[in-house]
Amino acid sequence: MSAPAAPVSRPGSPTLEALRMLAHNGPAVVGIAMIATIVAVAAIGPLLYPVDPYSIVAAPLSPPFDEFTPQAPFGTDYLGRDILAGIIHGARPTLLVGAFAAALTVVIGVTIGALAGFYGGWIDQALLRLTEFFQVLPPLLLAMVLVTLFSPSLPTIAISIGIVSWPAAMRLTRGEFLRIRQLDYVKAARAAGARNRRLIWRVILPNALPPLIISAALTIGVSILFEAGLSFLGLGDPNTMTWGLMIGANREYFLDAWWPVSIPGVAIFFTVLSVSLLGDGLNDAFNPKLRRR
Amino acid sequence: MSADPILEVSNLTVHFQNRRSNPFAPHTTVHAVDDVSFSLPRGSTLGIVGESGSGKTTAALAVMRLGPITAGSVKLAGTEIAGLKGEELRLVRRKMQVIFQDPYSSLNPRMRAGQIVREPMDLLDVYDRSERADRVAELFAAVGLRPEQESLFPHQFSGGQRQRIGIARALATDPEIIVCDEPVSALDVAIQAQTLNLLRRLQKTFGYSYLFISHDLGVVQYVCDEIAVMYLGQIVEHAVQVDLFRRPLHPYTWALMSAVPSANLAEARQRRVLLTGDPPNPIDPPDACRFAERCPFAEEICRKTAPPLRAVANGRKVACHLVSDDGEAPQHREGLEGP
Amino acid sequence: MTDKILSVEGLTIEFRIGGRFFPVVDGLSFDLARGEMLGIVGESGCGKSTTALAIMGLVEETSGRVPAGEIKLNGENLLQTSRRRMRQLRGNDVAMIFQEPMSSLNPVFTVGEQIAEVVRLHHGASRKAAMDHAYDMLCKVHIPAPEKRLHQYPHELSGGMRQRVMIAIALACGPSLLIADEPTTALDVTVQAQIFDLLQELRDATGTAIILITHDMGAVAETCQRVLVMYAGRKVEEGPVEAILTEPSHPYTSGLIRCTPHLDRDPPAQLPMLPEIPGIVPPVTELGKGCPFRPRCPHAHARCADMPPVIPVSANHGAACWLQEEERAA
């Protein structure tokens, strides 16, 4: 069945088209604005609010917006440390762990998935078995083992998260490669003299990117949650303030004081929400079926 | 036939092993292309026609070395290319290019039209770097696209224009042979005519040799000098255009022609359906005539031995036990002259 | 005509493109008699499939609207009927088959279940009776070994058999109108011939009127009595098959017939170049006033800036071209 003839002469590259689409997507724009705010806080917040998140500023577990402790507007934790300072100073390491772990996840997953999907045959089978091996292990458990082995520090935590969470990206990439590999323009590129390396990285990968970008955006959120989970279990880096660490450290006092746990929890919630909104927006923008006619 | 074939294919065979449904199931083999031989004289067009499952596209991809080859020889301008690998195979692609069926999936959506046409020259190092931009402009003009369209992306073109980009890309390295795999079957009729005329004009001007794959007898008749008819992986008849269409010998060719709808009313109203059922799959075919099951004239011998492709009258070739050496086919004997 | 079952009058269908509505079908009128087979011919985007959607009452579901016109099926205006009534009519009085039978069949139900489903839905027949009816339908569409096919899934059938199943489903409730939208485009030519024969046979047996939507004049020549040629959403010519094929009166029709490489059964050694229609079908967003074929027409002149009405050539043959008027005057 034919839809009405598509109008011709839409300007711009497919990527530009997608970005234009994104700019018209309300929730995605909200997500981008939220991400920009959070990144701004992470980047310049510590300069504007130079309170040491480790120093004790008031009585332990002072409630937020309390008239007796104006020096700690979000209240204090079980040691009397400023929660607002923790949120602001913890933003940068939290985001870095999330971004770095997501990047690592995507790099490992895409590389393995691309090779498996492109070459097929026994290479595909071997890489699939490897992926399944990582998939059957409980990721949190594996990450805990890795973190304990290498002693908890931000880089090892990020690397551990990357090592345990790449299988999803691998399967996605492999699927896209299997689909695109058999399209005529790949045959055409081969006929035009492209070597395998070019076919993988320059012909197929760019066309496989849209779903990968979406999944990468969502992986940032998942990684932040993962780091929080590890910190909650006491496997965070004790020398670096992160939102996860704040939740982990104060969890025993939750029944007496909700704020030392809930405020960093809300910060994580909004961060994950914002990347999810962006991810959904990217999904719509790259999905040609939803493009305006 | 010219003495100097640009392409010579001998005993080309492509088999696929079917995946077994369980470890105890027997292996089945798809005989996609079975012992196919043909040659293409320089500067002419050889058509390969057949229905789905005939193996015409598999054969074309094998010749282009874009698909697997199980056995056989493919000689391009006298050089054996069936066994080439790696860099040698890559560089021989200068001499052979392909035009694909679907103008929507054959162009990389992330490249601009000009880049698409230029890519083969860059990758195969044909023409001087400084000449390539001019060459792209020349090709755009040759296929009837405007120079400013070089910077557009594929989705900004209509189907017919996209096929022109595909044709320009195939011409970029000045190949010796161009395989056209159903180049117009995805296009509207008015655009089909434009594209077919373009292919013919280009051949006239630059002397290209075409291997033309199609299911459409009308299209094949219009562009081809010689035609090979394939059925279930084998060539059943091979003749020059006039002979084939004036007097098809193989019962399959004859039945195929009779099934083509005609815009000539007198012909249209007297058409008869001569074949029933769909063409079967070429899975483990018996050692007999593969058309025997559907053939209205099949005799005992047809179900026992496979007829070889042999020369009959006028240098045409046919693979049928029932066609006599002087070119009399069963349909003529039964008085069923011409479809 | 007294036994008129379908009458389309001034039908206009618009689709939303970039925030504005554009007419994809513009002022289309035609009739169809009981047992008649009408071919609607045109290139992609000419509005032939959209017209079919409108008759099926499915335009609204594809972000379109019908601002003008009427579609009367057995005297009932389909554009004013309720959604509920339309659902009753679909499948019961008007049915449709599509180009790709695989994607129109549900892969997880057997062929028998899918035919029986339609019967049960519309006639409330019992499971047993519906299955029996499904078996009868498979026999009617000449599927080999029908009792076996009844319990098979769509992927187990060949393309030709799937299309036969689609026809069985479409005709299960005995509709008065069947719309076949490029029913053989995805099939081999030998199978196509069988499907055309089947459609004609069923029409003769049941009196179901058939609209064949196609781009292939040859297919129309073999199966239809009447042809309607569409271009850019408008009817450019309509008449009996014989007249249209031998003496096309609209430049687009004659261009379309001549530019198709029809199989020549007594060819010269080298066939001449095909006559071309230059250019492409204009997108609906760029249609101005006047004859839409004007930019591609070899006979275009000043008068074509106004849209010509359908001018009669003979009793039931007409063409939307000013040349027709001049010819009559001459």
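Since this is a predicted model, take the numbers as computed values, not measurements.

**A look at the overall build of chain B**
Step number 1: Looking only at helices and strands, chain B has 11 helices and 12 strands in total.
Step number 2: Radius of gyration (C-alpha) of chain B: 21 Å, near the 20 Å computed for a compact globule of 339 residues.
Step number 3: By residue count, 52% of the 339 residues in chain B fall in the buried class.
Step number 4: Within chain B, contacts between residues at least 6 apart in sequence are counted, and of these 66% link residues at least 24 apart.

**Here's the deal with the overall build of chain C**
Step number 1: Scanning chain C from terminus to terminus reveals 12 helices and 12 strands.
Step number 2: In summary, chain C has a C-alpha radius of gyration of 21 Å against a globular reference of 20 Å for 330 residues, a match within 12%.
Step number 3: Intrachain contacts of chain C at a sequence separation of at least 6 include 63% that bridge at least 24 residues.

**Comments concerning the domain arrangement of chain B**
Residues and elements named next belong to chain B.
Step number 1: According to the domain assignment, chain B consists of domain 1 (5–17 + 29–231) and domain 2 (250–339).
Step number 2: Summarising the inter-unit geometry, the C-alpha centres of domain 1 and domain 2 are found 29 Å apart.
Step number 3: Opposite the 12 residues of domain 1 that make contact, domain 2 presents 14 residues.
Step number 4: Listing elements by their share of the side of domain 1 that touches domain 2, those giving two or more residues are β2 (29–41), α7 (217–223) and β9 (226–231).

**Remarks on the pairing of strand β3 (residues 45–49) of chain B**
For a regular strand, the rule is simple: side chains alternate between the two faces of the sheet.
Residue and element names in this part refer to chain B.
Step number 1: Counting buried positions along β3 gives 5 out of 5 residues, so the element sits mostly inside the fold.
Step number 2: Of the two faces of β3, the one lined by Thr45, Gly47 and Val49 and the one lined by Leu46 and Ile48 are each fully buried.
Step number 3: Pairing analysis gives 5 bridges linking β3 to strand β8 (residues 209–214), with the strands arranged parallel. Pairing of isoleucine 48 across the sheet is with isoleucine 213, part of β8.
Step number 4: Two elements, β3 and β9, share 4 bridges in a ladder whose sense is parallel. Across the sheet, residue isoleucine 48 finds its bridge partner in β9, namely alanine 228.

**Considering the nonpolar core**
Step number 1: With 281 residues, the main nonpolar core has Leu211(B), Ile115(C), Ala168(C), Ile179(C) and Ile211(C) as its most contacted residues.
Step number 2: With 17 residues, the top contributor of residues to this core is helix α3 (residues 83–119) of chain A.
Step number 3: When residues of this core are sorted by domain, at least three fall in each of domain 1 (5–17 + 29–231) and domain 2 (250–339) of chain B.
Step number 4: Setting aside residues no more than four positions away along its own chain, Ile115(C) makes contact with Ala134(C), Met137(C), Ala168(C), Ile169(C) and Ala172(C).

**Topic: the interface of chain B and chain C**
Step number 1: Taken residue by residue, the interface counts 40 residues in chain B and 40 residues in chain C.
Step number 2: Elements that contribute at least two residues to the side of chain B that touches chain C include exactly α6 (189–206), α7, α8 (241–246), α9 (251–259) and α10 (265–270) of chain B.
Step number 3: Among the residues making up the side of chain B that touches chain C, the classes are represented as 22 nonpolar, 12 polar and 6 charged.

**Some remarks on the interface of chain B and chain A**
Step number 1: Contact with chain B, which involves 23 residues of that partner, is made by 20 residues of chain A.
Step number 2: Of all elements in the fold, only β6 (96–99) and α3 (113–124) of chain B reach the threshold of two or more residues within the side of chain B that touches chain A.
Step number 3: For the side of chain B that touches chain A, the element with the most residues is α3(B), which contributes 4 residues.
Step number 4: Taken together, the residues of the side of chain B that touches chain A sort by class into 10 nonpolar, 7 polar and 6 charged.

**Concerning the sheet that holds strand β11 (residues 310–311) of chain B**
Residues and elements named next belong to chain B.
Step number 1: Ordered by their spatial adjacency, 8 strands build an open sheet running β6-β7-β8-β3-β9-β10-β12-β11, and the pairing between neighbours is mixed. Every interior strand has two partners, whereas the edge strands, β6 and β11, have only one.
Step number 2: Relative to β8, strand β7 (residues 177–181) runs parallel, the two being bridged by 5 bridges. Along β8, the bridge assignment pairs isoleucine 178 with tyrosine 210.
Step number 3: Those strands touched by helix α1 (residues 56–63) are β3, β7, β8 and β9, and its axis lies near 150 degrees from that of β8.

**Focus: α3(B)**
All names here are of chain B.
Step number 1: Burial within α3 is extensive, with 10 of its 12 residues counted as buried.
Step number 2: For α3, the complete set of buried residues consists of Ala113, Gly114, Ile116, Val117, Arg118, Glu119, Pro120, Met121, Leu123 and Leu124.
Step number 3: Considering only its buried residues, α3 is in contact with α2 (86–92), α4 (129–142) and α5 (159–171).
Step number 4: In the stretch just after α3, aspartate 125 is the one whose phi turns positive, near 55 degrees.

**Side note on unusual backbone geometry**
Step number 1: At Asp125(B), a position not held by glycine, the phi torsion is positive, near 55 degrees.
Step number 2: Within the element layout of this structure, Asp125(B) appears in the loop between α3 and α4.
Step number 3: A count of 13 C-beta atoms within 10 Å places Asp125(B) in the partly exposed class.
Step number 4: Positive phi, normally seen in glycine, also occurs at Asn74(C), with a value near 50 degrees.
Step number 5: Structurally, Asn74(C) is set in the loop between β4 (64–73) and β5 (76–77).

**Some details on the environment of Ala71(B)**
Residues and elements named next belong to chain B.
Step number 1: Of note, alanine 71 is situated in strand β4 (residues 71–76).
Step number 2: Along the primary structure alanine 71 and alanine 228 are separated by 157 residues, whereas in three dimensions their C-alpha atoms are 20 Å apart.
Step number 3: The residues contacting alanine 71, other than those within four sequence positions of it, are Asn11 and Thr13.

**What about the sheet that holds strand β1 (residues 5–17) of chain B?**
Within a sheet, neighbouring strands are paired by backbone hydrogen bonds and run either parallel or antiparallel to one another.
Step number 1: The strand order across the open sheet built from 4 strands is β2-β1-β4-β5 (chain B), with neighbouring strands paired in antiparallel fashion. Looking along the sheet, the strands with just one partner apiece sit at the ends: β2 and β5 (79–80) of chain B.

**Re helix α8 (residues 196–232) of chain A**
All names here are of chain A.
Step number 1: In this model, α8 (37 residues) spans only 45 Å end to end at C-alpha, well below the 54 Å of a helix rising 1.5 Å per residue.
Step number 2: At leucine 205, α8 is bent by approximately 55 degrees, the largest bend along its length, and proline proline 206 sits one to four residues beyond.
Step number 3: Downstream of α8 by one or two residues, glycine 234 has phi in the positive range, about 80 degrees.

**Section: the packing of helix α4 (residues 121–136) of chain A against helix α6 (residues 154–181) of chain A**
All names here are of chain A.
Step number 1: Their axes nearest at 8 Å, the elements α4 and α6 cross at an angle of 135 degrees. When the interaxial angle is binned, α4 and α6 end up oblique. The two elements α4 and α6 meet at a crossing, and its hand is left-handed. Counting all contacts with α4, which are made through Thr131, Phe134 and Gln135, the residues of α6 involved are Val164, Pro167, Met170 and Arg171.
Step number 2: Here the residues of the contact of α4 with α6 sort into 4 nonpolar, 2 polar and 1 charged.

**Comments concerning the environment of Ile97(C)**
Residues and elements named next belong to chain C.
Step number 1: Its place among the elements puts isoleucine 97 in strand β6 (residues 94–97).
Step number 2: Judged by the 23 C-beta atoms lying within 10 Å of it, isoleucine 97 falls in the buried class.
Step number 3: Residues isoleucine 97 and isoleucine 179 lie 82 residues apart in sequence; the distance between their C-alpha atoms is 6.4 Å.

**Re the confidence of the model for chain C**
All names here are of chain C.
Step number 1: Here chain C averages 89 in pLDDT, while 99% of its residues score no lower than 70.
Step number 2: Element-level mean pLDDT values for chain C span from 80 in helix α3 (residues 101–104) up to 96 in strand β3 (residues 37–41).
Step number 3: Taken over the whole predicted complex, pTM reads 0.85, whereas the ipTM for its chain interfaces reads 0.88.

**Re the pairing of β6(C)**
Residue and element names in this part refer to chain C.
Step number 1: Neither face of β6 is left uncovered, since the one carrying Val94 and Met96 and the one carrying Ala95 and Ile97 both have all their residues buried.
Step number 2: Here β6 pairs with strand β7 (residues 177–181) via 4 bridges, running parallel. Within β7, the residue paired with isoleucine 97 across the bridge is alanine 180.

**Quick word on the environment of Leu198(B)**
Residue and element names in this part refer to chain B.
Step number 1: Mapped onto the secondary structure, leucine 198 falls in helix α6.
Step number 2: A sequence separation of 54 residues divides leucine 198 from glycine 144, and the C-alpha atoms of the two residues are 8.7 Å apart.
Step number 3: Not counting residues up to four positions away in its chain, the partners in contact with leucine 198 are Val143, Gly144 and Ile167.

**Description of the packing of helix α2 (residues 26–48) of chain A against α3(A)**
All names here are of chain A.
Step number 1: Where α2 meets α3, the axes come as close as 8 Å, and the angle between the chain directions of the two elements is 120 degrees. By the angle between their directions, the pair α2 and α3 is classed as oblique. As α2 runs across α3, the sense of the crossing is left-handed. Taking contact as the criterion, the partners of Ile38, Val39, Val41, Ala42, Gly45 and Pro46 in α2 are, on α3, Ile88, His89, Ala91, Arg92 and Leu95.
Step number 2: Tallied by class, the residues present in the contact of α2 with α3 amount to 8 nonpolar, 2 polar and 1 charged.

Cut-offs and rules
Residues numbered from 1 in each chain as written. Chains lettered and ligands numbered in written order. Predicted model: local features only at pLDDT ≥ 70, side-chain atom pairs only at ≥ 80, totals over all residues. Helix = DSSP H or I, 4+ residues; strand = E, 2+ residues; numbered from the N terminus. Rg over C-alpha atoms; globule rule 2.2 N^0.38 Å. Buried ≥ 20, exposed ≤ 12 C-beta atoms within 10 Å, placed from the backbone. Contact = placed C-beta atoms within 7 Å. Domains from an automatic or database assignment. Pairing = 2+ DSSP bridges. Core = buried A, V, L, I, M, F, W, Y, C linked by C-beta atoms within 7 Å. Nonpolar A, V, L, I, M, F, W, Y, C, P; charged D, E, K, R; others polar. Axes fitted to C-alpha atoms, helices over the stretch in contact; angles between N-to-C directions. Expected span 1.5 Å × (residues − 1). Bend = angle between axes of the 7 residues up to and from the residue. Parallel < 35°, antiparallel > 145°, perpendicular 65-115°, else oblique. Left-handed = near helix turned anticlockwise from the far one by under 90°. pLDDT = per-residue confidence, 0-100.

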